[in-house]
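This is what each chain is made of:
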Amino acid sequence: MKTITVSFLLNGKKTSVTSLPNRTLLDVLREDLGLTGAKDACGGEGECGACTVIMNGNPVNSCMIFIGQIEGTQITTIEGLMEKGEFHRLQKSFVEAGAVQCGFCTPGAILTAKTLLDNNPHPTDHEIREGLSGNLCRCTGYNKMIDAIHLAEQGGLDD
Amino acid sequence: MTDRFLTVGKSLHRKDAWDKTTGKALYTADIPIENLRVGMIVRSPHHYARILDIDKKQSLEIPGVLAVLMSDDIPGDKVFGPLIPDQPSLARDVVRHLGEPVVLIIAETKRAAQEAANQIQVSYEPLGAVFDPVQAAREDAPQLHQDGNVITALNIKDGDIEKGFQDADHILDDTYTLPRIHPGYMEPETSLAVWGEDQTITVWVSSQHPFTDQRFIAAALDLPVENVRVKSGVIGGAFGGKEDSSLSILAALGAWAIKGAVRLVNTRRESFIAHPKRHPAQIHYKLGAMSDGTFTALKAEVHMDTGAYASYGPAVAAILTETLAGAYRIPNVQVESFVVYTNSPLSGAMRGFGSPQSHFAVESMVDSMAEEIGMDPVQIRRANILKVGEKMFTGVTLNETANALPICLDKAQEIMDRFRAVEVSPGKKAGVGMALAAQSMGLGANVPDDSTHRLEWAPDGKVLIHLGAPDLGQGLAMAVEQITAEALGLPYSQVESLPLDTLDRPNGNVTCASRMTYMAGNALIDASEKLIQDLLAHAGEILEVPAKMLVYKEGQIIKEDGKKLPVVEFLGRLAEKSITLTSESTFSFPYPEETTPQGLPIGMPHVLYCFGAQVARVEVDPDLGTVEVTHFAAIHDVGKVISQSGVEGQIEGGVATGLGYALYETMLRKDDQWVDSFTEYLLPTSKDLPTHYESIILEIPEASGPYGAKGIGEIPLVPTAPAVANAVKNAVGVRVKKLPITPERVLGFID
Amino acid sequence: MQEFNYHRPITITELKECLSIPGARILAGGTDIVPRMRQGKFSVPALVDTSGVKAMRFIEDQGSEIVLGALTTHQEAADSPLLQNINPALVTAAESIGCQQTRCRGTLGGNIANASPAADTLPALLIFDATLLLQSLEGERRIPLEEFLLGPGQTDLLEGEFIHSISFKPMIGSWGAAFIKIGKRSGMAISVANTAVAVELNDKGKISDIRIALGSVAPTVIRCRKIEQALLGKEPEPALMKEIHKACQEEISPITDIRSSAEYRNHAAEVIIHRALESAVEQAKERGR
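Residues numbered from 1 in each chain as written. Chains lettered and ligands numbered in written order. Predicted model: local features only at pLDDT ≥ 70, side-chain atom pairs only at ≥ 80, totals over all residues. Heavy atoms only, no water.

Here's the deal with unusual backbone geometry
Residue and element names in this part refer to chain B. This is how the line gets drawn: In this text, helices come from DSSP runs of H or I with a minimum length of four residues, and strands from runs of E with a minimum of two, each type numbered from the N-terminal end.
Put simply, methionine 604 and proline 605 share a cis peptide bond, and its omega is -5°. Examined against the element boundaries, proline 605 turns out to sit in the loop between strand E27 (581-588) and strand E28 (608-620). The peptide bond linking leucine 739 to proline 740 adopts the cis configuration, its omega dihedral lying at -5°. Relative to the elements of secondary structure, proline 740 occurs in the loop between helix H17 (720-732) and helix H18 (743-747). The phi angle at asparagine 509 is positive, at roughly 75°, despite the residue not being glycine. Following the sequence through the fold, asparagine 509 ends up in the loop between strand E23 (495-497) and helix H14 (516-543). Positive phi, close to 60°, is recorded for serine 578, a residue that is not glycine. Inspection of the secondary structure assignment puts serine 578 in the loop between helix H15 (567-576) and E27.

Digging into the sheet that holds strand E22 (residues 463-466) of chain B
All names here are of chain B. Definition in use: For two strands to count as paired, DSSP must find a minimum of two bridges between them. Here the axes come from fitting lines to C-alpha atoms, over the contacting stretch only for helices, and the angles between their N-to-C directions go from 0 to 180 degrees. Contacts are assigned to residue pairs that have any heavy atoms within 4.5 Å of one another.
Spatially, E23-E22-E21-E27 is the arrangement adopted by the four strands of the open sheet, whose pairing is mixed. Only two strands of the sheet have a single neighbouring strand rather than two, namely E23 and E27. Adjacent strand axes in the sheet meet at a mean angle of 20°, parallel and antiparallel pairs treated alike. Inspection of the sheet shows strand E21 (residues 450-457) paired to E22 by four bridges, in the antiparallel sense. Its bridge partner being in E22, arginine 454 is matched across the sheet by histidine 466. H14 rests against E21, E22 and E27 of the sheet, and its axis sits at about 145° to E27.

Regarding the domain arrangement of chain A
Often the size quoted for an interface is simply the accessible area lost on bringing the parts together. All names here are of chain A. Convention followed: Residue ranges labeled as domains rest on an automatic or database domain assignment. Here's the idea: put two parts together, see how much 1.4 Å probe accessible area each one loses, and the total over both is what we call buried area. When a carboxyl oxygen of Asp or Glu lies within 4 Å of a side-chain nitrogen of Lys or Arg, that pair is called a salt bridge. Here a polar contact is taken to be a pair of N or O atoms separated by no more than 3.5 Å, where protein atoms must pair a possible hydrogen donor with a possible acceptor and residues adjacent in sequence count only if both atoms sit in side chains. Gly counts as polar in this scheme, as do all residues outside two lists: the nonpolar Ala, Val, Leu, Ile, Met, Phe, Trp, Tyr, Cys and Pro, and the charged Asp, Glu, Lys and Arg.
Partitioning chain A into structural domains gives domain 1 (4-78) and domain 2 (89-154). Placing the centre of domain 1 and that of domain 2 at their C-alpha centroids yields a distance of 21 Å. With 17 residues of domain 1 at the interface, the matching set in domain 2 holds 13 residues. Interface area, domain 1 with domain 2, both sides summed: about 1100 Å², of which 68% is carbon and sulfur. The interface formed by domain 1 and domain 2 includes zero salt bridges. The interface formed by domain 1 and domain 2 holds four residue pairs in polar contact (both at pLDDT 80 or more) in total. Those elements that place two or more of their residues in the side of domain 1 that touches domain 2 are strand E3 (52-55) and strand E4 (58-61). Per-element accounting of the side of domain 1 that touches domain 2 gives the leading share, three residues, to E3. By residue class, the composition of the side of domain 1 that touches domain 2 is seven nonpolar, seven polar and three charged.

Here we look at the environment of lysine 553 of chain B
All names here are of chain B. The line we're drawing: Under the scheme applied here, a residue whose accessible area is under 20% of the maximum for its type counts as buried, over 50% as exposed, and between as partly exposed, the area being computed with a 1.4 Å probe on protein chains only.
Structurally, lysine 553 is set in strand E24 (residues 551-553). Using a relative accessible area of 47% as the deciding quantity, one classes lysine 553 as partly exposed. C-alpha of lysine 553 to C-alpha of leucine 490: the two residues are 63 residues apart in sequence and 8.9 Å apart in space.

So, the nonpolar core
Side chains of nonpolar character tend, in soluble globular proteins, to be buried together. We apply this condition: As used here, the term nonpolar core means buried Ala, Val, Leu, Ile, Met, Phe, Trp, Tyr and Cys residues forming a set that is joined through side-chain atoms within 4.5 Å.
Ranked by size, the top nonpolar core spans 206 residues in total, and within it Phe94 of chain A together with Tyr285, Trp457, Val724 and Ile741 of chain B carry the most contacts. With 13 residues, the single largest contributor to this core is H14 of chain B.

Section: the packing of helix H2 (residues 89-96) of chain A against helix H5 (residues 143-154) of chain A
All names here are of chain A. Heads up, the condition is: Under this scheme an angle from 65 to 115 degrees is roughly perpendicular, one under 35 degrees roughly parallel, and one over 145 degrees roughly antiparallel; angles in between are oblique. Crossing handedness: left-handed means the near helix sits turned counterclockwise from the far one by under a right angle, and right-handed means the same turn made clockwise.
One can describe the packing of H2 onto H5 by two numbers: an axis separation of 8 Å at closest approach and a directional angle of 135°. Between H2 and H5, the angle is such that the two are oblique. Viewed along their axes, H2 and H5 form a crossing whose handedness is right-handed. Residues Arg89, Leu90, Ser93, Phe94 and Glu96 of H2 form the contact with H5, whose own contacting residues are Met145, Ala148, Ile149, Leu151, Ala152 and Glu153. Looking at the contact of H2 with H5, its residues break down into seven nonpolar, one polar and three charged.

And the structure:
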């Protein structure tokens, strides 16, 4: 098995990694790049969304993507969500609404919520439930996450 | 009343939330360590088998493999267990469940570890397995352990059972069956162990009981306890499931063997087959009532499947048994409960600890009885709820917080009326149901139930809480910070709780049993008082006045002349003299001898109860049998809200877990394999939960609680499943007695 | 974890060459293959990643036919206004797959090649008599989707071949098409049973063309010719449930597995066929107005 070298834009920075091809984006983020915000909760089966990152504007499960598949893509992880030292409005709203408990699903849920709001600035409850359905959470029952997303889309967060 | 509190009762930001929203929070699997080695566990492919031989030669020859460890390689205790030391860290001679650890491999890379795992030669002689606890309890069943399969046999009686049924005008008799379910924490079990110099080891764990981990590790490695340092990583949920050792012994064994650093992380599949679950149970339930609805007798027989090893089985049986009469006055009771070994995956602690099982039986049965007699479900409950000062069948007298019960029923009635008025979707049948719940707090009488915590007033004025128990993600840290801030009259921002480290923290005991806010809160209020006294004493010396002439208020010391001096000034002066203000306090769960019934088995009874009621509105598709919970309300007495958002979060999350128990979750066995992934084991998603949801929080102060608070960790999922089952019955007339309530069961295709 | 040689072609010619390596397997979205390979469920000597092949990701109206590139994602299908007009059943099916994360990775070609009996897009393609264009270094061939599916995970795809595109003819006149699935939960649901029904009504309001496909009730997703036959020429009315029931008993014999029982699947199939038919008929009547 030969290693491959893959180039992509990671959190806005040109990045190049060399890896065996049977490793996933999640493996490379966590093990090679030290970005441990993406979590493995379901064992790499795409069933929980804890490893969600944004790839070319879409939320994807990084556990289901072999590293070769990200050649030429733009990847945003939770570590890249803050801009100029400022929290993203969803990071603020998740804290404000009490949507964070154990926090293991939080990075994935926030990134999914970001793509949702990017495509649909004022989603209904139903659209939020649909959009978040790939991100399992055992702590919150999702209510406060939905509140947090509304809080972010409606503005009105304290700075 | 609201003015009384500065911090308690407010909705504040959790201090750990920022790191969790930015990916900075380090869970045990995230902690970076130099020269980290990979651990991999070779597990049993059989449900029950004799190990004939383990050949590790080939594995050891693989480049990068550092150690291949078996039971014989464990220098100290080879078995462990929270109640009964019956569980081998690595199997020896025999494997008793699929997925039991047999060999531990330590390698430089995942690849080498995997290759070594593939090369391990273990020969087994499969044995006939038993999975059903009723069958396993029989003498002719395969016997898994030396003393037989029945670990616990409880027989609790009150009154005269024969007479009770003679007095009954109506007698109903049913069997309720509860599935095996996964606690469902998102973070799988993990531990990270680093061998240090001087025969010491540091282990990061995702655990509810780091001090127990410390003891187990020391015993397994034959080290003095003080040579083992256990630290808590950020914990990604526990829900009871991390009261069992989450790989800490094996990670430590690996690190000890290679004198290096080893991390073990369970895959979700390993988590499913090898880590304890909620006990499956069969509950045979017979209830007698007079025609006015008064309950006269209860006879129940319970079989609980605890799997291959005991875990917390006997203790779960205690609460399951004690709560079988729910919140009701039943004068004549006989309950027999059996905890049985089987070749199933282990069952242990999970949120509710037996009480979700018992409540499914009692609350389903109460509705059936109401229907039998022709009473309204709320009315029959009203006729039977325990009043303040009355005794449960265990002899426990309910205190004044039982006043919550009639209020819960009043609220439930209002909500049911409201939910009944909701328009039904085309083609659907709607139903509304409710259930009541009583959930115990605490570990039970006659077992150690103490909790110690410490405060430190740092020179900069910040108060540090050396919390003796881990925050599992539920927000314990926020709750105790609010309590401490309140007790010291300081802003919330000035109080900070530190993560657990057995090196220098007091032992706060296990975070479990709906009691840690209560235990730690009480200890910290007392510690705050001591801290203030200590401060005043030192301040008196500095000011050269008697301490009793000084008053402490909200971060200031007030002199007799009314002059206010900020505390930091004194802290600075003390720091110059190398004096740090600290205080420590232990709170012991109260089991006053005069009111605690004696003579019951150890760990019984539980004497303090939380109360709640829940109401579900469902829409059932009568052709497909599918059930949608459209509306849901949870009414809970919390004594006193410490953290508003924390309490709401506990209730909302608990209800979601309860709805999973009601409708989706079950760890089935099919074709000799257990369901072992989230593909087939279905947790509720955001699309599966009711779109109309309300929490009604009652505050009936608990005299022994911090500011009147009691627990809320477990009860929110206790009445959920029976409330849904009762709503389904109300909608389509089908009484589902086995969870989960699947379309097949609603249509009567199975069971 | 399986080991393999990795290839990433850019053009279709390169793709053909890569797939001519003995045992080579195509990697499209990866939502099925990546987890299965990681669990060690199968291994391949060479994996051919199609993420660079842009020429197979399109939805085109070619006049008499609609052609879908095999690498079109479920999300792209779900969001396509063209498909909403031509095959609303396919749009509903694509929307119902997994969650956002899997829909924007999973592809139509991948769904077909996996040949899961529970695949959601397949019934919606079968009712439009979809044809596949298969290509390889040797050349190309067309095959009806129905003939392509041989069993669970088994297809007529030959070594070196790949699905290039999927095509079907639009329906004309008073027609309608609907898809319904039953899962065990609402979010990330895998079908316990699913169905797609297309219907055409003649000017007397009778069923002049009917196509029914069912998933999760047989080793492959199937067309239900007996049920179609039983309904052809009939007036669409609630009493048709009886006909559906009778024909269904003859047509399908589902199995009991971890997700559901044979009895339930049998029953549910009848119910959802009837409901999908009602929905399709409603659309047909709307178009007839």
